Amino acid sequence: MALRAKGTDLNAPAKFDRRPLFLVLGERLVRWLVFGVLAWVLFDSLGEPWGEGLEPKAQRALAIFFVCVALWVLHLLPLMITSLLAIVLPVAMGVVTRDEGFALFGNHVVFFLLGVFILAAALADCGLAERITLTALRLSGGSPRKLSLGVFLTGAGMSTIMSEHAVAAMLFPIVLEIARVLELDTRRSNLGRLLFLSMSWGCITGGVLTILGGGRVPLAIGILEQTTGETMRFSEWTLGILPAGLLTLAVAYTILALFFPIEKTAVAPAEEFLRQRERKLGLLSMREKLVGGIVAATILAWIVEGHGWGIAEISLFAVVIIFSLKLITWRKVEELVNWGVLLMYGGAISLGFLLSRTGAAAWVARKVLESGEISPFVFVAVLAAIALLLTEAISNSAVVSVLLPVALGLAGPLGLSPKGVTYIVAMISGLGFVLPMGTPANTLAFSSGYLRVRHVVVPGLLLDLAAYLLFLAMIKWYWPLIGVSGF
């Protein structure tokens, strides 16, 4: 009898891997071969210099960076476990001292994210996030087009105050139930495809407008601080992103409307479903009012005093107030907060600092610049294109971890401001519209059964291109007006 893990259903049939034996063994062999190659890279970095002018510690830092990037891209280990490796390896290989290596995990951006995650958990647990979502969707009803636009704008709006991943997870079951009550055919319904793409694309495009839309922006700011000593305010980010971000929102829904013409569908059943969900929530409770007030005050404090008081301090102070008023329990926080994400960001920030501290990033920058003349704007265009391509295939936080440390090393010699480079990587890495693996919002949309990759390739690539061109235009003509780009 096949063994089952503890807690599984004993009556369920055992699951076997029915692929040919050579495929199963080959997959495992390749995995261990890759591990062997990565181990050899680390060992080789302890020996002869790889290039002229490369210091021993910088060489080891580059080896650790290469190993972590390979593990992130190939998904041979969970992202957060690779990030732990990024903390442990520099200490084990003598690149930094034990105190320096583990202290990097205490970067204030990690604690800012902790506060943001707990505040988002409180919004979800008290029901206020769902109430806002349901109200917005119900008010946008009246026709299929308005309903899809409501889903799009609700996802975008909520993603400015919560992680786009959390918003997509909250919206998904609601949109799925709307599709069910409207009896939309999973194989033929353009409205079904439109609703789920409106959900994912709304969350993605709205998530770039503020630093709360996803972990990649705080991660990028943390790498910027550890590498250069500079930082970026809450309001600075939004000011620098707003034109391209809003135009991308408009272009995204325009493309959806053009590629997914809606069949005639009565939306009354969907409106009734939303009303029923709202009725179950009852009247706005005092708990919801208090949580909403605290979150609003916290966002205002980030905007007005984030640079003075510190965004991490404001986040944690808000968390203390939430718990002091007993608006959420620690058990709920344990259930709702993704603790592994914090591990990932701590390790990624440490890796960026490592490349800067040892001179590894500067050495790479010199080698790139020695290979030929490159103008600042061409560098920006290439960097943005690489970020856009990578984010379709791997986690956007992994893209930031891979590209930003090296890009910051090149910023100085090219006359670019470090903040400008941080904007480029952090924003573009959040805009993956085609493939399901790029972001959880896309993954959820594809899991609905209404979408196939062939439905999304052309409109998604068009939106990728439009966002890319809008962003380059913003860099060229808008950023000089606010003093960001440095060229």
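About the criteria used
- Residues numbered from 1 in each chain as written.
- Predicted model: local features only at pLDDT ≥ 70, side-chain atom pairs only at ≥ 80, totals over all residues.
- Heavy atoms only, no water.
- Helix = DSSP H or I, 4+ residues; strand = E, 2+ residues; numbered from the N terminus.
- Buried < 20%, exposed > 50% of the residue type's maximum accessible area, 1.4 Å probe, protein only.
- Contact = heavy atoms within 4.5 Å.
- 1 Å grid on protein atoms, 1.4 Å probe; cavity = no way out; pocket = protein on both sides within 12 Å on 5 of 7 lines; lining within 4 Å.
- Points joined across faces, edges and corners; volume = space filled by probe spheres on them.
- Salt bridge = Lys/Arg side-chain N within 4 Å of Asp/Glu carboxyl O.
- Axes fitted to C-alpha atoms, helices over the stretch in contact; angles between N-to-C directions.
- Parallel < 35°, antiparallel > 145°, perpendicular 65-115°, else oblique.
- Left-handed = near helix turned anticlockwise from the far one by under 90°.
- Nonpolar A, V, L, I, M, F, W, Y, C, P; charged D, E, K, R; others polar.
- Patch = residues over 30% accessible without salt bridge, like charges linked within 9 Å, V, L, I, M, F, W, Y side chains within 5 Å.
- Areas by Shrake-Rupley, 256 points an atom, 1.4 Å probe, with all protein chains shown as cover.
- Expected span 1.5 Å × (residues − 1).
- Bend = angle between axes of the 7 residues up to and from the residue.

Enquirer: How do you make sense of the overall build of the protein when you look at a structure like this?
Expert: Looking only at helices and strands, the protein has 22 helices and 0 strands in total. Taking all 487 residues of the protein together, the buried fraction comes to 53%. Put simply, 80% of the contacts in the protein that link residues at least 6 apart link residues at least 24 apart.

Enquirer: For this particular structure, what's the right way to read empty space enclosed by the protein?
Expert: Over the atoms, a rolling probe the size of a water molecule traces out where space has been left empty. Applying the stated criterion across every chain, the model contains 4 cavities of 30 Å³ or more. Size it by volume and the largest cavity reaches roughly 70 Å³. In terms of lining, the largest cavity is formed by V116, L119, A120, L123, I161, L212, V295, T298, I299 and W302.

Enquirer: Would you mind going over the pattern of salt bridges with me for this structure?
Expert: A side chain of one charge can pair with a side chain of the opposite charge when the charged atoms of the two come close. With the rule as written, the count across this model stands at 10 salt bridges. The salt bridge involving D125 is made with R287; its shortest N-O contact spans 2.4 Å. Taken together, the positions of D125 in helix α5 (residues 108-126) and R287 in helix α13 (residues 286-309) put the pair 162 residues apart, joining distant regions of the chain. The class for D125 is partly exposed, based on a relative accessible area of 23%. For R287, a relative accessible area of 30% translates into the label partly exposed. The salt bridge partner of E335 is K332, with a shortest N-O separation of 3.4 Å.

Enquirer: So what exactly am I meant to see when it comes to the environment of I314 here?
Expert: Summarising the element assignment, I314 is placed in helix α14 (residues 311-324). By relative accessible area, which is 7% here, I314 ends up buried. Along the sequence, I314 and G115 sit 199 residues apart, while their C-alpha atoms lie 8.4 Å from each other.

Enquirer: Would you explain the packing of helix α7 (residues 144-158) against helix α8 (residues 164-181) in this entry?
Expert: Packed helices, taken two at a time, are described by the angle their axes make and the gap between the axes. Relative orientation of the contacting elements α7 and α8 amounts to 165°, with a least axis distance of 10 Å. With respect to α8, the element α7 is oriented roughly antiparallel. By crossing handedness, the relation of α7 to α8 is classed as right-handed. Residues L147, V151, T154, G155 and M158 of α7 form the contact with α8, whose own contacting residues are V167, M170, L171, V175 and I178. Tallied by class, residues from the contact of α7 with α8 come to 8 nonpolar, 2 polar and no charged.

Enquirer: Any chance you could explain unusual backbone geometry here in plain terms?
Expert: Note on backbone geometry: most residues besides glycine have negative phi, and most peptide bonds are trans. Residue E183 is not a glycine yet carries a positive backbone phi of 55°. Within the secondary structure, E183 is located in the loop between α8 and α9 (190-206). One non-glycine residue with positive phi stands out, namely K326, at about 55°. You can see K326 is positioned in the loop between α14 and α15 (330-336). Exposure remark for K326: the relative accessible area of 73% places this residue in the exposed category.

Enquirer: Sorry if this is basic, but what is going on with a nonpolar patch on the surface here?
Expert: Together, L258, F259, V458 and L462 give the surface a local cluster of nonpolar side chains, amounting to about 370 Å² of exposed area. Every element with two or more residues in the nonpolar patch is listed here: α11 (234-259) and α22 (453-482). Here V458 shows up in helix α22. Look at V458 and you get partly exposed, because its relative accessible area is 47%.

Enquirer: Looking at this structure, how should I read the layout of surface pockets?
Expert: Each pocket or cavity is described by its volume, and for the second largest pocket that value is around 170 Å³. Along the walls of the second largest pocket sit 12 residues, with F379, L383, I386, L403 and V406 positioned nearest its centre. Contributing elements (two or more residues each) for the lining of the second largest pocket: α18 (376-391) and α19 (396-414). It is α19 that provides the largest number of residues to the lining of the second largest pocket, a total of 5 residues. Taken together, the residues of the lining of the second largest pocket sort by class into 12 nonpolar, no polar and no charged.

Enquirer: Sorry if this is basic, but what is going on with α7 here?
Expert: Each α-helix turn comprises 3.6 residues. Residues three or four places apart therefore point the same way. Its 15 residues place the ends of α7 21 Å apart at the C-alpha level, agreeing with the 21 Å of an ideal helix rising 1.5 Å per residue. Where α7 is buried, its residues meet α6 (128-139), α8, α9, α11 and α12 (268-281).

Enquirer: I would appreciate a short explanation of α8 in the present structure.
Expert: Over its 18 residues, α8 extends 26 Å from the first C-alpha to the last, a length consistent with the 26 Å expected when each residue adds 1.5 Å. Taking the largest bend as the criterion, α8 deviates by roughly 30°, centred on L171, and proline P173 comes between one and four positions later. Where α8 is buried, its residues touch α6, α7, α9, α10 (216-228), α12 and α21 (440-447).

Enquirer: Explain the side chain of S148 to me, please; I cannot follow it from the model alone.
Expert: Here S148 shows up in helix α7. Residue class for S148 comes out buried when judged on its relative accessible area of 0%. Each residue touching S148, except ones within four places of it in the same chain, is listed here: L194, L195, S198, Y253 and I262.

Enquirer: Before we go on, may I ask you to explain the packing of α8 against α12 in this structure?
Expert: Closest axis-to-axis distance for the α8/α12 pair is 8 Å, and the angle between their directions is 135°. What the angle tells us is that α8 and α12 run oblique. Of the two elements, α8 crosses α12, and the hand of that crossing is right-handed. Residues I174, E177, I178 and V181 of α8 form the contact with α12, whose own contacting residues are P269, A270, F273, L274 and R277. When the residues that make up the contact of α8 with α12 are grouped by side-chain class, the tally is 7 nonpolar, no polar and 2 charged.

Nothing here speaks to function; it is all geometry.
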